Amino acid sequence: MNKYSKELASKYTQGRDKYSGTDAKLFELIQQVGVKDKDVLDLGCGDGRYAAKFLEMGAKSAEGIDISPAMIELAQERHGNIEFTIGDCENMPYKDESFDMIFSNFVLHYCEDIQKAFSEITRTLKKGGYFIGIFNSIETDNHNILHKQMPVLLGEDDPVTVHNLMRLDGEYQDTIKSSGLNIVEFIDEPNSYAFVDPNFEYYSDIKKLKNMIFLCRK
Ligand SMILES: C[S@@+](CC[C@H](N)C(=O)[O-])C[C@H]1O[C@@H](n2cnc3c(N)ncnc32)[C@H](O)[C@@H]1O
């Protein structure tokens, strides 16, 4: 359902640099924790740019996983030296305690079952390991629309439409805590890159699309 087609993957990656405004905040957190000599997973790695960056920054190992074969193909073409795996963050093919850091940039709001996703993140992190992620939530008073697929437009001039499953930020916070991760830092802000498609039947019920940035520790 959330697999990017080859066409969308290529369009997304071509326009990808337009959506890098939140990188600085994430990289502040990454610097705070440090990447050097760590085993790092880029969860929902898209075209693989962050896994490559982590290796440049001195990670011991960096690899990526993404549910979309088209995205993994792109990542492999771009970074032939890095291991990229087709897989679902709700059921990852990694052993317990494999990673010192799991990074995830705008992926977890696509998951149908975030409890499964966070329990997989917790399972595959080493003790003391870090999760650093950013994803979307919504503000709305109409709770009937929660967990519905919502068409979201990325970019203004030549938008790409993606379908996200939307939740309130409290649901994410509760899920993270119950998965066994401790929230070290939480930042939320309006999402200035993504817009709900005005044709969505509950468009008028959405007050705000937000970005949530989490630094968590196992
Ligand atoms: C907005 S893109 C972000 C890609 C990359 N993290 C970046 O910042 O360029 C979302 C990515 O999440 C992937 N994705 C969606 N659902 C997923 C799932 N259940 N497991 C793993 N990846 C998933 C999509 O295929 C897509 O590559």
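Residues numbered from 1 in each chain as written. Predicted model: local features only at pLDDT ≥ 70, side-chain atom pairs only at ≥ 80, totals over all residues.

Engineer: Explanation requested: helix α5 (residues 114-124) in the structure shown.
Structural biologist: An α-helical segment advances 3.6 residues per turn. Residues three or four places apart therefore align on the same side. Listing the buried residues of α5 in full gives I114, A117, F118, E120, I121 and T124. Taken down its axis, α5 places every buried residue within 155 degrees of arc, on the same side. (Buried ≥ 20, exposed ≤ 12 C-beta atoms within 10 Å, placed from the backbone. Helix = DSSP H or I, 4+ residues; strand = E, 2+ residues; numbered from the N terminus. Arc of directions from axis to C-beta.)

Engineer: Is there a simple way to explain helix α4 (residues 69-78) in this structure?
Structural biologist: Residues of α4 that are buried include every one of M71, I72, L74 and A75, and no others. The arc that holds every buried residue of α4, seen down its axis, measures 160 degrees, which confines them to one face.

Engineer: When you look at the pairing of strand β6 (residues 149-154) in this model, what are you seeing that I'm missing?
Structural biologist: Two faces make up the sheet, and in a regular strand the side chains alternate between them. Across six bridges, β6 lies against strand β7 (residues 160-165) in antiparallel orientation. Each residue of the ladder has a partner; that of P151, found in β7, is H163. Joining the antiparallel neighbours β6 and β7 is a turn of five residues, in which G155 adopts a positive phi near 85 degrees. Where β6 lies against strand β9 (residues 194-196), three bridges are found, and the strand directions are antiparallel. Residue pairing for β9: L153 is matched across the bridge by F195. (Pairing = 2+ DSSP bridges.)

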